[in-house]
Amino acid sequence: MERPVNRDQRGGELQDLLDELRGKHGVVGATLGVLKNGAIEMAASGLLNLDTKVECTPQSVFQIGSIGKIFTTTLIMQLIDEGRLDLDDPVTRHLRDFTLADRAAARAVTLRQLLNHTSGMDGDFFPADDPEGPSTASYVRKMWLLPNLYPPGKGPVTYCNAGFVTAGRVVEVLTGLTWPNAVMTRIVKPLGLPQAFAHPHDALRFRCAMGHVADPHDMTKITLAPATFLSLSAAAAGSVLSMSVESLLLFAKMHLAEGHYGDGKRLLSEASARRMREETTPVPPFARRGVTHWGIGWCLGLVDGYRMMGHDGGTLGHYTYLRIFPERGTAFALFTNSPSIKLIDAIEERLTRELAGADLPEEPPKTDFTPKPQRYVGRYSNIASDYTVKETEGGLTLHARSKIGFPDTDATLEPWSEDAFTLRTKGTPVDGQKVSFLDDDKSQPAEFIRNSLRMARRV
């Protein structure tokens, strides 16, 4: 297998780029890999752990978070290739014990809706692992009181971790393997990914990053994450799968080759690899710059000459990014172990023109907009967060309270365009992010608030 070098062979430009931008944006540690002309070039900068001062290397391993959803999707597509299921199968065809608070919704949910985030399920469901150990089966059984934000297939994309755990359980039932064993046996080992694991006890084999998060007592400071992993029962949604940028780019290389790898071997059929990157549903504005649609698993960017498939990931202090440009046969992956939205924005600006042959699309422009407070003021809630919007002398404010252990946020809402606002909370990782409000009748109080890809309903 072709192996990359530690520094970019164009005179260290990749290393210099990462060193410059990581330092500028205050990220603890990062690795960056670029796939171009069939070869992978890598760079590493900073520290894996602020306490131990261990340095990042190109082979360092990070948790890839929700990029792991693409591995779950690949497992599902393998089973489709084997003729064992179809994307439009109801989930209950394969999981007879699957149910939700809305029993009719549970019967209607399809595999496709799990994989493109249109099931409508309130998706940031992270129950504690059982005392006897983590279990995808136990997680799915606990979903019987999980509410829906809207009926399956009848609303916009709303990000759903629970849907991917459910898809992972389908994999387990049909393969007879736990999700970690399935991803190792059916993807990692065949591809020969050099630094990758799906079982936490294998972390001792590798040079692993520790996550860092905003200090809950002072959001302008960074501290070690309070735990090493999220709930392991949610592995299929991205709570544990870990690897180096080289390993992730080798996985991306297989997808670029329409399922081929090595000397004529195949992990996926060409039809399944292509099907994953066909747009299935549009993504609302401000979800992520350059992202316009959801495919099967993949986020897609389809704007003028810009063609991209990719995914972001976030766990307890690990923030990862994958961008693949299928028409150019190129890709890059950035792994970080502290909040890094400004770093990935800067990296994308620098690399997209070279790798995509087009500029990174701009987000919708700022326009004149005078908000009517009565449309936005109120309380909104989902299973993971409460959002309270109030009117003050200075305008609208937002208080976001996490129910799953993340720091609360207080921000002013700066009008950006109709129903969209910029969060202003100086010195915090969320400063500058967008929230938007939506429903079918703009003359009435908004039914939903959208924060990135998550929605919460007015209560």
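Helices and strands together make up the secondary structure of the chain, namely 11 helices and 23 strands. With 459 residues in all, the chain has 57% of them scored as buried. Across the chain, contacts joining residues at least 24 apart in sequence account for 59% of those joining residues at least 6 apart. Of the roughly 18,700 Å² of accessible surface on the chain, 49% is carried by carbon and sulfur atoms. In the chain, 52 side chains carry a positive charge and 55 a negative one; their mean positions are 3 Å apart.

To continue, consider the sheet that holds strand β16 (residues 378-381). Hydrogen bonding along the main chain pairs the strands of a sheet, whether they run parallel or antiparallel. Read around the closed barrel, eight strands run β16-β17-β18-β19-β20-β21-β22-β23, paired in antiparallel fashion. Adjacent strand axes in the sheet meet at a mean angle of 30° when their direction is disregarded. The pairing of strand β22 (residues 448-451) with strand β23 (residues 454-458) spans four bridges and is antiparallel. Across the sheet, the residue bridging to Ile449 is Ala456, located in β23.

In this section: the side chain of Glu348. As for its position among the elements, Glu348 is in helix α10 (residues 341-356). At 2.9 Å, the side chain of Glu348 and the side chain of Arg323 are in polar contact.

It is worth spelling out the nonpolar core at this point. Counting residues in hydrophobic clusters, the biggest one holds 84 residues, and the most contacted among them are Phe71, Phe98, Met143, Val183, Leu248 and Leu322. Sort the elements by how many residues they give to this core and helix α8 (residues 245-256) lands first, with eight residues. Once you skip the residues sitting within four places of it in the chain, Met143 turns out to touch Phe98, Thr99, Leu100, Ala101, Met121, Phe125, Ala162 and Thr166. Ranked by size, the runner-up nonpolar core spans 32 residues in total, among them Leu18, Val34, Tyr306 and Ala358.

Glancing now at helix α1 (residues 13-24). With 12 residues, α1 extends 16 Å from end C-alpha to end C-alpha; this agrees with the ideal 16 Å at 1.5 Å per step. For α1, the complete set of buried residues consists of Leu14, Gln15, Leu17, Leu18, Leu21 and Arg22. Take α1 and look down its axis: the buried residues cluster within an arc of 160°, on one side only. Each element contacted by the buried residues of α1 is listed here: β1 (29-36), β2 (39-46), β15 (330-336) and α10. One or two residues past the end of α1 sits Gly26, with phi positive at roughly 65°.

Glancing now at the packing of aromatic side chains. Within this structure, the stated rule accounts for 12 aromatic pairs. Ring centres of Tyr159 and Trp294 lie 6.2 Å apart, and the angle between their planes is 55°; this geometry places the pair in the tilted category. Taken together, the positions of Tyr159 in the loop between α5 (136-141) and α6 (161-175) and Trp294 in strand β11 (residues 293-294) put the pair 135 residues apart, joining distant regions of the chain. One exposure class covers both Tyr159 and Trp294, and it is buried.

Strand order in the open sheet formed by three strands is β3-β7-β4, and the pairing between neighbours is antiparallel. At either margin of the open sheet sits one strand with a lone partner, and together these are β3 (62-63) and β4 (196-197). Here β4 runs beside strand β7 (residues 242-243); their pairing, made up of two bridges, is antiparallel. From the neighbouring strand, Ala196 faces β7, where its bridge partner is Met243.

Look at helix α2 (residues 68-81) against helix α7 (residues 179-191): their axes get within 11 Å of each other, and the N-to-C directions meet at 70°. With respect to their mutual orientation, α2 and α7 come out roughly perpendicular. Contacts from Gly68, Phe71, Thr72, Thr74, Leu75, Gln78 and Leu79 of α2 reach α7 at Trp179, Ala182, Val183, Arg186 and Ile187.

Quick look at α7 now. With 13 residues, α7 should reach 18 Å at 1.5 Å per residue; the first-to-last C-alpha distance of 17 Å fits that figure. The largest bend along α7 reaches roughly 35° and is located at Thr185. Trp179, Pro180, Ala182, Val183, Met184, Arg186, Ile187, Val188 and Leu191 are the residues of α7 that are buried. Considering only its buried residues, α7 is in contact with α2, α6, β4, α8 and β8 (260-261). Once α7 finishes, Gly192 follows within two positions and takes phi at roughly 65°, a positive value.

So, about the environment of Lys390. Within the fold, Lys390 resides in strand β17 (residues 385-392). Spatially, the C-alpha atoms of Lys390 and Arg379 are 8.8 Å apart, while their sequence positions differ by 11 residues. In contact with Lys390, other than residues within four places in its own chain, are Val377, Gly395, Leu396 and Thr397.

Right, let's get into the state of the cysteines. Per the counting criterion, the structure on display carries zero disulfides. Left unpaired, Cys160 is separated from the closest cysteine sulfur, that of Cys299, by 14 Å. Cys160 sits in the buried class, given a relative accessible area of 2%. For Cys208, which is in no disulfide, the shortest distance to another cysteine sulfur is to Cys56 and amounts to 11 Å. Look at Cys208 and you get partly exposed, because its relative accessible area is 27%.

Definitions and limits used
Residues numbered from 1 in each chain as written. Predicted model: local features only at pLDDT ≥ 70, side-chain atom pairs only at ≥ 80, totals over all residues. Heavy atoms only, no water. Helix = DSSP H or I, 4+ residues; strand = E, 2+ residues; numbered from the N terminus. Buried < 20%, exposed > 50% of the residue type's maximum accessible area, 1.4 Å probe, protein only. Contact = heavy atoms within 4.5 Å. Areas by Shrake-Rupley, 256 points an atom, 1.4 Å probe, with all protein chains shown as cover. Lys, Arg positive; Asp, Glu negative; His and termini not counted. Charge placed at Lys NZ, Arg CZ, Asp CG, Glu CD. Pairing = 2+ DSSP bridges. Axes fitted to C-alpha atoms, helices over the stretch in contact; angles between N-to-C directions. Polar contact = N/O pair within 3.5 Å; in protein donor to acceptor, adjacent residues only side chain to side chain. Core = buried A, V, L, I, M, F, W, Y, C linked by side-chain atoms within 4.5 Å. Expected span 1.5 Å × (residues − 1). Arc of directions from axis to C-beta. Phe/Tyr/Trp six-rings, centres within 6.5 Å; stacked < 30°, edge-to-face > 60°. Parallel < 35°, antiparallel > 145°, perpendicular 65-115°, else oblique. Bend = angle between axes of the 7 residues up to and from the residue. Disulfide = S-S within 2.5 Å.

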